[in-house]
There are 2 protein chains.
Amino acid sequence: MYTLEEIDRILENSARLQNISREPATLYDPLDYMMSIGGKRIRPKLCLLSYNLLSDDFQRPVIFPAMALEVFHEFTLIHDDIMDRSDTRRGCPTVYKKWNENVAILSGDVMSILAYKYLAYAPQAVLPKVLDLFSTTAMQVCEGQQYDMDYESLPFITREDYLGMIGLKTAVLLACSAKMGALIGGGSKEICDALYEFGYQLGIAFQITDDYLDTFGNEKVFGKKIGGDIVNNKKTWLLVECFRRATGEQKCQLEKLLQLGEDQREEKVEAVRDLYGVLGVKEAAASEILSYHKKAMDALATTGLPADRTQYLAQFAEEIIHREK
Amino acid sequence: MYTLEEIDRILENSARLQNISREPATLYDPLDYMMSIGGKRIRPKLCLLSYNLLSDDFQRPVIFPAMALEVFHEFTLIHDDIMDRSDTRRGCPTVYKKWNENVAILSGDVMSILAYKYLAYAPQAVLPKVLDLFSTTAMQVCEGQQYDMDYESLPFITREDYLGMIGLKTAVLLACSAKMGALIGGGSKEICDALYEFGYQLGIAFQITDDYLDTFGNEKVFGKKIGGDIVNNKKTWLLVECFRRATGEQKCQLEKLLQLGEDQREEKVEAVRDLYGVLGVKEAAASEILSYHKKAMDALATTGLPADRTQYLAQFAEEIIHREK
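Reference entry: report on the structure contained in this document. Keep in mind that this is a model prediction, so the values were computed, not measured.

## A word on the interface of chain A and chain B
Facing 42 residues of chain A, the contacting portion of chain B comprises 42 residues. When chain A packs against chain B, close to 3700 Å² is buried across both sides, 68% of that on carbon and sulfur atoms. By the criterion of area lost to chain B, the three top residues of chain A are Leu 106, Ile 113 and Met 139 of chain A, representing 17% of everything that side buries. Across the contact surface, chain A and chain B share four salt bridges. Residues Arg 85 of chain B and Glu 101 of chain A are paired through a salt bridge, measuring 3.6 Å at the closest nitrogen-oxygen approach. Across the chain A-chain B interface, the total number found is 11 residue pairs in polar contact (both at pLDDT 80 or more). Of all the secondary structure elements, the ones that give two or more residues to the side of chain A that touches chain B are helix 2 (25-36), helix 4 (60-83), helix 6 (101-119) and helix 7 (127-152) of chain A. Ranked by residues supplied to the side of chain A that touches chain B, first place goes to helix 7 of chain A with 15 residues. Looking at side-chain class alone, the side of chain A that touches chain B contains 24 nonpolar, 10 polar and eight charged residues.

Given below as structure tokens:
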């Protein structure tokens, strides 16, 4: 079996998009740009780790489908950045900003197709299942993004709304990544389903961690300004929990804070963070992350595989929730 | 074998999108809307006609991939309408106009994934080839759209540029449609390649016919205002040929006409049509359409199949070039 570092190196070698035309440049340059500005590659990594529970044979039939997950993810980011009118991602200009909206639409489109080109390298025996899993997941991701946009205009949402939304927008793709590796590795239905569940619960933990870091992370390490979600009134786990715990008066206070504009950024972020502190939201988030992490680990255990085989996935799960950016 | 009318009826039964979620409505309503506002369904029709050269068995393994072609085509229209800022299509508001840009981006995205969901119903034995053909074609369509947008800012383009651009933007998808039916029908490599060539040449004829009708069609039958392409300075076959034939003085005249705005629409359309008449562009276009139609028919003949089998494809090709809208 390979270590996490060895899996990283396998991925680095694959990071340059292969087997594609490069003309016209206006269409394909943004693809190379997106693939080059970083990203933690967690989805292909999870796929390969999952595969590695069952096989050590790392060739195109697993490497390319793993890369399909990353290419698909990048496509969703390009289009999300248009819909959110975001100027930066990972500290760099978004494709939308660096080029223009039409370029972002079309190069995103070609990335979504390219994902399927890579996916098609999966072994023929499992290709129908791999395709079905991927397409179902991809449509769910779009549904999650739609709910996210629909919820923006609501004053608040429930915890169930939030979990449903991030389940679709984020968790299913990690679930798909984990299951896909097992499918390609020839895993039994039980193992494949267990890994799907592992990926899903880990995906929820991942998103809540994301929400947590945006408000309580270390700015130097995090790589972007703290508090962006608060400034944008994003429906994070923290905000949803805050509304859930707040008294009537605190709800009014929170609603007033959410009205503050970009010019009162510092004040808004500080005041909302304070309220989170007063209401125990920070600790509750940390506890919730650990709770979902445990669900993920419980699911991993149902594979019935010994700890010396599952250790790298366990290490990966630890890194997901204990990361600082 | 089935007649064209019978193939039409098979398609009508399939037109309502099946096997998909309907929530959230904001995401899926635009899909039903697009599928409902007409469209000639020529791509799935071509796929089924091609398949019918080899088999009479019309079940999901061919019906759903045929519908994938239509769903994909509709996706490209949704996104093209955003990029072109078009308000109407087929006499109805575009998704972009009826809802908004974000809805158009995301529902287009989900349509492109849905196409793959339908494609996956192809028989397992040919699925890798079907996928590869479709994905290659889909990327080429994006390339064609990119060239089309790049060419907008150029004062003029050559005939080779034009043919290359419509080859990618339009012809390859008809070629793919024809070949896909044959692949699913179990056709030999020779038959599949011959049908690809048939579809490609017919696709070129189809686009030049489109250009011709926009300027010289019968407005009542055509269903939209004549001259839209002239008003928008679209690089049609007619305009490209006009520049090719024009004297220096006529080029200057044409360039001045292209500067005229929406407020001088009538004058612009009439003057450019006159210039086309003077330079024999109208007749040349009609002749070119017949020439590509002949190439398509020659390709069809290389299948070696008897005329009583290929008659419906021949009839389809006739209808393509002799249509009035």
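Read on, since the account is not over.
## Focus: the relation of the copies chain A and chain B
Aligned on chain B, chain A shows an RMSD of 0.0 Å; the corresponding rotation is 180° and the shift along the axis is 0.0 Å. What the superposition gives is, in effect, a two-fold axis relating one chain to the other.

## Some remarks on the side chain of Lys 268 of chain B
Residues and elements named next belong to chain B. With respect to the secondary-structure elements, Lys 268 resides in helix 14 (residues 265-278). One buried charged side chain, Lys 268, makes no salt bridge at all; its nearest oppositely charged neighbour is Glu 262, positioned 7.9 Å away. In this structure, Lys 268 is in contact with Ile 230, Val 231, Asn 233, Leu 257, Leu 258 and Leu 260, ignoring residues within four places of it in sequence.

## Topic: the environment of Pro 306 of chain B
All names here are of chain B. Note that Pro 306 resides in the loop between helix 15 (281-301) and helix 16 (307-322). Under the relative-accessibility criterion, Pro 306 is labelled partly exposed at 42%. On a C-alpha basis, the gap between Pro 306 and Leu 53 in space is 9.9 Å, while along the polypeptide they are 253 residues apart.

## So, helix 14 of chain B
Residue and element names in this part refer to chain B. Between its first and last C-alpha atoms helix 14 spans 20 Å; for 14 residues at 1.5 Å apiece the expected length is 20 Å, and the two agree. For helix 14, every residue scored as buried is listed here: Arg 265, Lys 268, Val 269, Val 272, Leu 275 and Tyr 276. For helix 14, the buried positions fall inside an angular range of 130° around the axis, keeping them on one side. Exposed and facing more than 90 degrees away from the buried side of helix 14 are Glu 266, Glu 270 and Val 278. Contact partners of the buried residues in helix 14: helix 9 (189-216), helix 11 (228-231), helix 12 (237-245), helix 13 (248-259) and helix 15.

## Remarks on the pattern of salt bridges
Residues and elements named next belong to chain A. Here the structure, examined in full by the defined rule, presents 38 salt bridges over all chains. Residue Lys 45 pairs with Asp 8 through a salt bridge whose shortest N-O separation is 2.9 Å. Residue Lys 45 is found in helix 3 (residues 42-52), and its partner Asp 8 is found in helix 1 (residues 4-14); the two are separated by 37 residues along the sequence. Judged by relative accessible area, which is 8%, Lys 45 ranks as buried. As a salt-bridge pair, Glu 70 and Arg 41 come within 3.4 Å of each other at their nearest N and O atoms. In this pair, Glu 70 is assigned in helix 4 and Arg 41 in the loop between helix 2 and helix 3, connecting sequence segments 29 residues apart. Like Arg 41, Glu 70 is buried.

Conventions adopted
Residues numbered from 1 in each chain as written. Chains lettered and ligands numbered in written order. Predicted model: local features only at pLDDT ≥ 70, side-chain atom pairs only at ≥ 80, totals over all residues. Heavy atoms only, no water. Contact = heavy atoms within 4.5 Å. Buried area = accessible area lost by both parts, 1.4 Å probe. Salt bridge = Lys/Arg side-chain N within 4 Å of Asp/Glu carboxyl O. Polar contact = N/O pair within 3.5 Å; in protein donor to acceptor, adjacent residues only side chain to side chain. Helix = DSSP H or I, 4+ residues; strand = E, 2+ residues; numbered from the N terminus. Nonpolar A, V, L, I, M, F, W, Y, C, P; charged D, E, K, R; others polar. Least-squares fit on C-alpha atoms with pLDDT ≥ 70 in both. Buried < 20%, exposed > 50% of the residue type's maximum accessible area, 1.4 Å probe, protein only. Lys, Arg positive; Asp, Glu negative; His and termini not counted. Expected span 1.5 Å × (residues − 1). Arc of directions from axis to C-beta.

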